[in-house]
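Here is what each chain is made of, one letter per residue.
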Amino acid sequence: MSTPICDFVRRYAGGGAVRLHMPGHKGCGPLGCEALDITEIDGADDLFHPEGIIAQSEENAGAIFGAHTLYATGGSTLCIQTMVHLLTAYASSRGQKPLLLAGRNAHKAFVNAAALLDVPVRWLCSAAGEAYYSGAVTPEQLERELACSREPVTAVYLTCPDYLGELPDVAALAAVCRRAGVLLAVDNAHGAELFFTDGARHPMQLGADLCCDSAHKTLPVLTGGAYLHISRQAPPAMASRAKQAMAMFGSTSPSYLTLASLDLCNGYLAGSYRERLHQ
């Protein structure tokens, strides 16, 4: 599989160019990786408006995951902020106010994003006696909550895997969402590898409309490298507006070291990774 970002960065690093641009280290320094650390120079593309090497690399990732897959160098936090924004815009396009039903074990990135965007959240709490971080949302519980809601629900937001490694029944929960006509967004930050296990375990294989993976948590990617997956069955505006939404929250100076690691990871995932993970 091609590695357009990594190839460009390496060519530039070995080309002997005089770096009259940022970063300030000018390609040399004590870490040893500075030569590969560049900014958005000619040919390096733009993460939030990709038309060249980043677009090509994201297409490679999307072919692996079977989705519209976008890169983030701000971790799943940036992807979660983007998901909440996209869900808010989706509700507005339907003439509704946004309302999210969310498992109470959601990461603080979700709580902060909802607060920042002033999005109401109705919590799906654990059963009596269970700690909030250990109670999985059940299909029966979700069906009851959706049926009794007086306001239209925009989407359901789940954390899978949770912080004890448990996997809620995403397929059954997705079916409940479909019947109710609401979207399903999943924080899969700790489960990027699930796509490559035997059987369908990754949220994008189980019916999620939106999903984030922290590639840096369980795949060989540098810190901050993450994926935002948008299902090909999701409303078309989700994919078309995603980069614009990401740009609202993300740095205009994305790490090309992290982008290059995401780029290189595609070949690894498309190659021997599934077999090695099984072993």
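Residues numbered from 1 in each chain as written. Predicted model: local features only at pLDDT ≥ 70, side-chain atom pairs only at ≥ 80, totals over all residues. Heavy atoms only, no water.

Draft legend 1. Quick look at the overall build of the chain. Secondary structure assignment for the chain yields ten helices and seven strands. Over its C-alpha atoms the chain spans a radius of gyration of 20 Å, differing by no more than 12% from the 19 Å that the globule rule assigns to 279 residues. Here the C-alpha coordinates of the chain stretch approximately 65 × 45 × 30 Å along the principal axes. By residue count, 52% of the 279 residues in the chain fall in the buried class. Put simply, 69% of the contacts in the chain that link residues at least 6 apart link residues at least 24 apart. In the chain, 20 side chains carry a positive charge and 26 a negative one; their mean positions are 4 Å apart. (Helix = DSSP H or I, 4+ residues; strand = E, 2+ residues; numbered from the N terminus. Rg over C-alpha atoms; globule rule 2.2 N^0.38 Å. Buried < 20%, exposed > 50% of the residue type's maximum accessible area, 1.4 Å probe, protein only. Contact = heavy atoms within 4.5 Å. Lys, Arg positive; Asp, Glu negative; His and termini not counted. Charge placed at Lys NZ, Arg CZ, Asp CG, Glu CD.)

Draft legend 2. Spotlight on the layout of surface pockets. Its boundaries defined by the atoms lining it, the largest pocket holds a volume of some 210 Å³. Together, Ala 55, Glu 58, Glu 59, Ala 67, His 68, Thr 69, Leu 70, Ile 230, Ala 239, Ser 240 and Lys 243 line the largest pocket. Taken together, the elements giving at least two residues each to the lining of the largest pocket come down to helix H2 (53-65), strand S1 (68-72) and helix H8 (236-249). For the lining of the largest pocket, a count of residues per class yields five nonpolar, three polar and three charged. (1 Å grid on protein atoms, 1.4 Å probe; cavity = no way out; pocket = protein on both sides within 12 Å on 5 of 7 lines; lining within 4 Å. Points joined across faces, edges and corners; volume = space filled by probe spheres on them. Nonpolar A, V, L, I, M, F, W, Y, C, P; charged D, E, K, R; others polar.)

Draft legend 3. Region of interest: the sheet that holds strand S6 (residues 210-213). Taken together, seven strands build an open sheet; the order of strands is S1-S7-S6-S5-S4-S2-S3 and the sheet is mixed. The open sheet has two edge strands, S1 and strand S3 (121-124), and neither has a second partner. Here the strands of the sheet are splayed against their neighbours by 20° on average, with no regard to which way each runs. Across the sheet, H2 lies against S1, S6 and strand S7 (226-230), angled at about 125° from S1, the strand it touches most. (Pairing = 2+ DSSP bridges. Axes fitted to C-alpha atoms, helices over the stretch in contact; angles between N-to-C directions.)

Draft legend 4. Inspection of the packing of aromatic side chains at higher detail. Inspection of the entire model under this criterion finds ten aromatic pairs. Relative to Tyr 227, the ring of Tyr 71 has its centre 6.3 Å away and its plane inclined at 45°; by these criteria the two rings are tilted. Taken as a pair, Tyr 71 in strand S1 and Tyr 227 in strand S7 lie far apart in primary sequence, 156 residues in all. On the basis of relative accessibility, which here comes to 0%, the residue Tyr 227 falls in the buried class. In textbook terms, an aromatic cluster arises when at least three aromatic residues are bridged by ring pairs, as seen for Phe 65, Tyr 71, Phe 195, Phe 196, Tyr 227, Tyr 268 and Tyr 273. Between Arg 104 and the ring centre of Trp 123, over which it is positioned, the NZ or CZ distance is 4.7 Å. (Phe/Tyr/Trp six-rings, centres within 6.5 Å; stacked < 30°, edge-to-face > 60°. Lys NZ or Arg CZ within 6 Å of the ring centre and 35° of its normal.)

Draft legend 5. Examining the pattern of salt bridges more closely. Applying the stated rule across the entire model yields four salt bridges. Measuring nitrogen to oxygen at the nearest pair gives 3.3 Å for the salt bridge that ties Arg 179 to Glu 143. A residue pair is termed long-range when its members are at least 10 positions apart, and Arg 179 in helix H6 (residues 170-180) and Glu 143 in helix H5 (residues 139-148) qualify at 36 residues. What makes Arg 179 exposed here is its relative accessible area of 58%. For Glu 143, a relative accessible area of 39% puts it in the partly exposed group. (Salt bridge = Lys/Arg side-chain N within 4 Å of Asp/Glu carboxyl O.)

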